[in-house]
Amino acid sequence: MSCCKGPGYAFPLDAFNNGPREELLYVICVQPDKTKQDYVATVDVNPKSSTYSQVIHRTYTGAVGDELHHSGWNVCSSCYDRPELKRDLLVCPSLHSCNVYIVDVGTNPRKPELHKVIDGSEMRSFNCSFPHSVHCLASGEVMISTMGDAEENGKGDFVLIDSKTLKVTGSWAKGEKRAKFGYDFWYQPYHDVMIATEWGSPKHFKTGFHPADVSNPDLYGTSLNFYRWSTHELIQVIDLGTEGYAPLETRFLHNPKAAEGFVGCAVLGNVYRFYKNSNGTWSADKVIDIPAKTVLQGGAETKINALVGDILLSLDDKYLYLSCWMHGDVRQYDISDTKNPKLVGQIFLGGQIANNDLHVIDDKELEEPPKPVIVKGKRLYGSPQMIQLSLDGKRLYASSSLYSPWDKQFYPQMIKEGGWIVKIDVDTENGGLKLDEDFLVHFGDEPNGPVLPHEIRYPGGDCTSDIWLAKE
């Protein structure tokens, strides 16, 4: 079965088996110089093209101080049964200004144009700020998770945008019980559930990473929030405790009837599996624990945690991928047994050890510290952060920016040199990751100076933007 009855693909394995090879990337680019504009870069990834691995177009926001971050679609595979709908708009919220930029990628995919700007005041009028993850709903509406209230205190909420008028129509959550913090979300109508995660208080984390803040329950979240999809009510909160500081990216298995998924807890480098119990409640168990590295820094002994920045699942639900933004590696786990992920691939592409003069005292995983990485004559400053997998699971793209205030704190050389995107070839049979030495998108020579690339999307959708509905 192939695609195109409506937007997206009929089911996950339809995309996996029949989806086309990606030819373009839409990349969120953040300008570290806040007097200049952020933009969406269009990158050519067709190996037969004369502009392969180059930025071929830039769609500027027209404003400054936005801090673009994540993006999503006006419609996706959840609307597959609605042929009147078309996936042609990329929705790009900005953390700091709360503006939402709607980019027309349908008219000319190689040269997208700014279609509409939703002013941040619309979002703040509903006491929401710091918009983050974008998912389309089967209703045709767009939902964006938010992390703050109008004053940027921590608050977990979701705003809805009408797909026709492109206006913010209100918040999604109902009932008296509300989440303390917000970040990412994923819905699964078959089980009448949505899971949402937590970062922390925007007014605090936007000033940088402060270790003392992490253990303060008023500044950092540790909970998984489960909503009843049909009524929009928060029905269960699982507190992961000290092992679960900042549970960020969350992914259900792609199989729309699956009752389980994973969440990456950033600070300590842990991954939890969440799952539905026979009585209808939900539980979560730690299934991956990446040990900290002990180093000498400034004459003092300190620990460097992994900082799991992104996780994703292949469309066949065979592999879980994650990035460790402090350690500098990308990992591939076989999740055929979801309770016991097995590490089958790993590659180092920078990180704190490789990019700083640190002496490693104790490393429970490596015999030797990772070395600096050079691709096509360019040293990779920074570390892999956001990752995106090809539909067939054979190519993994990694970009280097986490969030510009944190980039400046941990990887100042990346601010000067510019961020990057690399391509990793994947062994989908036995597991294994290999850097493509002939592919590099380097953002050091951009027209307005070096920029920081964050999230990556393909024109036809991908494994972190599309959600499928179960067919009864």
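Residues numbered from 1 in each chain as written. Predicted model: local features only at pLDDT ≥ 70, side-chain atom pairs only at ≥ 80, totals over all residues. Heavy atoms only, no water.

Participant: Just give me the short version of unusual backbone geometry, but keep the residues and values in it.
Facilitator: Of note, alanine 246 is a non-glycine position whose phi angle comes to about 55°, a positive value. Checked against the element boundaries, alanine 246 lands in the loop between strand E15 (233–239) and strand E16 (247–252). The exposure class of alanine 246 is buried, given its relative accessible area of 1%. With phi around 60°, aspartate 317 is a residue other than glycine that occupies positive phi space. By secondary structure assignment, the location of aspartate 317 is in the loop between strand E22 (308–313) and strand E23 (319–324). (Helix = DSSP H or I, 4+ residues; strand = E, 2+ residues; numbered from the N terminus. Buried < 20%, exposed > 50% of the residue type's maximum accessible area, 1.4 Å probe, protein only.)

Participant: Hey, could you go over the nonpolar core for me, with residue numbers and the actual values?
Facilitator: Core analysis: the biggest nonpolar cluster contains 42 residues, and Trp199, Tyr220 and Trp406 have the highest contact counts within it. Aside from chain neighbours lying at most four places away, what touches tyrosine 220 is Phe181, Trp199, Gly200, Phe205, Phe209, Asp213, Val214, Ala246, Val267 and Trp406. Counting residues in each nonpolar core, the second largest holds 29 residues, with Tyr187, Val193, Leu240 and Trp282 among its members. (Core = buried A, V, L, I, M, F, W, Y, C linked by side-chain atoms within 4.5 Å. Contact = heavy atoms within 4.5 Å.)

Participant: Help me get a handle on the sheet that holds strand E14 (residues 223–228), residues and values and all.
Facilitator: Strand order across the open sheet formed by 4 strands is E12-E13-E14-E15, with antiparallel pairing between neighbours. Edge positions in the sheet fall to strand E12 (185–188) and E15, since each has one partner strand and no second. The sheet shows a mean angle of 20° between the axes of neighbouring strands, direction not considered. When E12 meets strand E13 (residues 193–196), the two strands line up antiparallel, connected through 4 bridges. In the sheet register, tyrosine 187 faces E13, and the bridge partner there is methionine 194. (Pairing = 2+ DSSP bridges. Axes fitted to C-alpha atoms, helices over the stretch in contact; angles between N-to-C directions.)

Participant: Got a sec to walk through the packing of aromatic side chains? Specific residues and values, please.
Facilitator: Taken as a whole and assessed by the stated rule, the structure comprises 26 aromatic pairs. On the numbers, 5.7 Å between centres and 85° between planes, the contact of phenylalanine 158 with tryptophan 172 is edge-to-face. Of this pair, phenylalanine 158 sits in strand E10 (residues 154–161) while tryptophan 172 sits in the loop between strand E11 (168–171) and E12, and the two are 14 residues apart along the sequence. Of the two residues examined, phenylalanine 158 and tryptophan 172, each falls in the buried class. Seen in terms of ring centroids, phenylalanine 158 and tyrosine 227 are 5.4 Å apart; in terms of plane orientation they differ by 85°. Their pairing is edge-to-face. Highlighted residues: phenylalanine 158 in strand E10 and tyrosine 227 in strand E14, separated in sequence by 69 residues. Since its relative accessible area comes to 3%, phenylalanine 158 is described here as buried. An aromatic cluster is built from Phe130, Tyr183, Trp199, Phe205, Phe209, Trp325, Tyr403, Trp406, Phe410 and Tyr411, whose rings are joined through pairwise contacts. (Phe/Tyr/Trp six-rings, centres within 6.5 Å; stacked < 30°, edge-to-face > 60°.)

Participant: Mind laying out the pairing of E10, listing which residues take part and the relevant values?
Facilitator: Buried residues dominate E10, accounting for 7 of its 8 residues. Where strand E9 (residues 142–148) lies against E10, 6 bridges are found, and the strand directions are antiparallel. Looking across to E10, one finds that isoleucine 144 is bridged to valine 159. Between E9 and the antiparallel strand that follows it, E10, lie 5 residues; glutamate 152 among them carries a positive phi value of about 70°. In terms of strand pairing, E10 meets E11 through 3 bridges, oriented antiparallel. By the bridge assignment, valine 159 is partnered in E11 with serine 171. In this antiparallel pair of consecutive strands, E10 and E11, the connection spans 6 residues, and leucine 166 shows a positive phi of 55°.

Participant: I'd like a rundown of the environment of phenylalanine 348, residues and numbers included.
Facilitator: Its location among the elements puts phenylalanine 348 in strand E25 (residues 342–348). Overall, the relative accessible area of 18% leaves phenylalanine 348 in the buried class. C-alpha of phenylalanine 348 to C-alpha of aspartate 329: the two residues are 19 residues apart in sequence and 4.1 Å apart in space.

Participant: Summarise the sheet that holds E23; cite the residues concerned and give the values.
Facilitator: Sheet architecture is open: 4 strands sit in the order E22-E23-E24-E25, paired in antiparallel fashion. The open sheet has two edge strands, E22 and E25, and neither has a second partner. On average, adjacent strands in this sheet sit at an angle of 20° to one another, irrespective of strand direction.

Participant: Give a detailed account of the pattern of salt bridges, specifying residues and quantitative values.
Facilitator: As enumerated under the stated definition, the model contains 31 salt bridges in all. The residue aspartate 44 makes a salt bridge to arginine 110 at a minimum N-O spacing of 3.5 Å. Placement of the pair is aspartate 44 in strand E2 (residues 39–44) and arginine 110 in the loop between strand E6 (100–104) and strand E7 (113–118), with a sequence separation of 66 residues. Since its relative accessible area comes to 0%, aspartate 44 is described here as buried. Notably, a salt bridge pairs arginine 395 with aspartate 392, separated by 3.5 Å at the nearest N-O pair. With relative accessibility at 7%, the residue arginine 395 sits in the buried group. The structure contains a network of salt bridges with shared partners spanning Asp184, Glu249, Arg251 and Asp310. (Salt bridge = Lys/Arg side-chain N within 4 Å of Asp/Glu carboxyl O.)

Participant: Lay out the pairing of strand E17 (residues 260–265) in plain terms, naming residues and giving numbers.
Facilitator: Extensive coverage of E17 is indicated by the burial of 6 of its 6 residues. What you see with E17 is no split at all: Glu260, Phe262 and Gly264 on one side and Gly261, Val263 and Cys265 on the other are buried throughout. The pairing of E16 with E17 spans 4 bridges and is classified as antiparallel. Counterpart to proline 247 in the pairing with E17 is cysteine 265. Taken together, the 6 bridges between E17 and strand E18 (residues 270–276) define a ladder with antiparallel strand orientation.

None of the figures reported here should be taken as evidence of function without further support.
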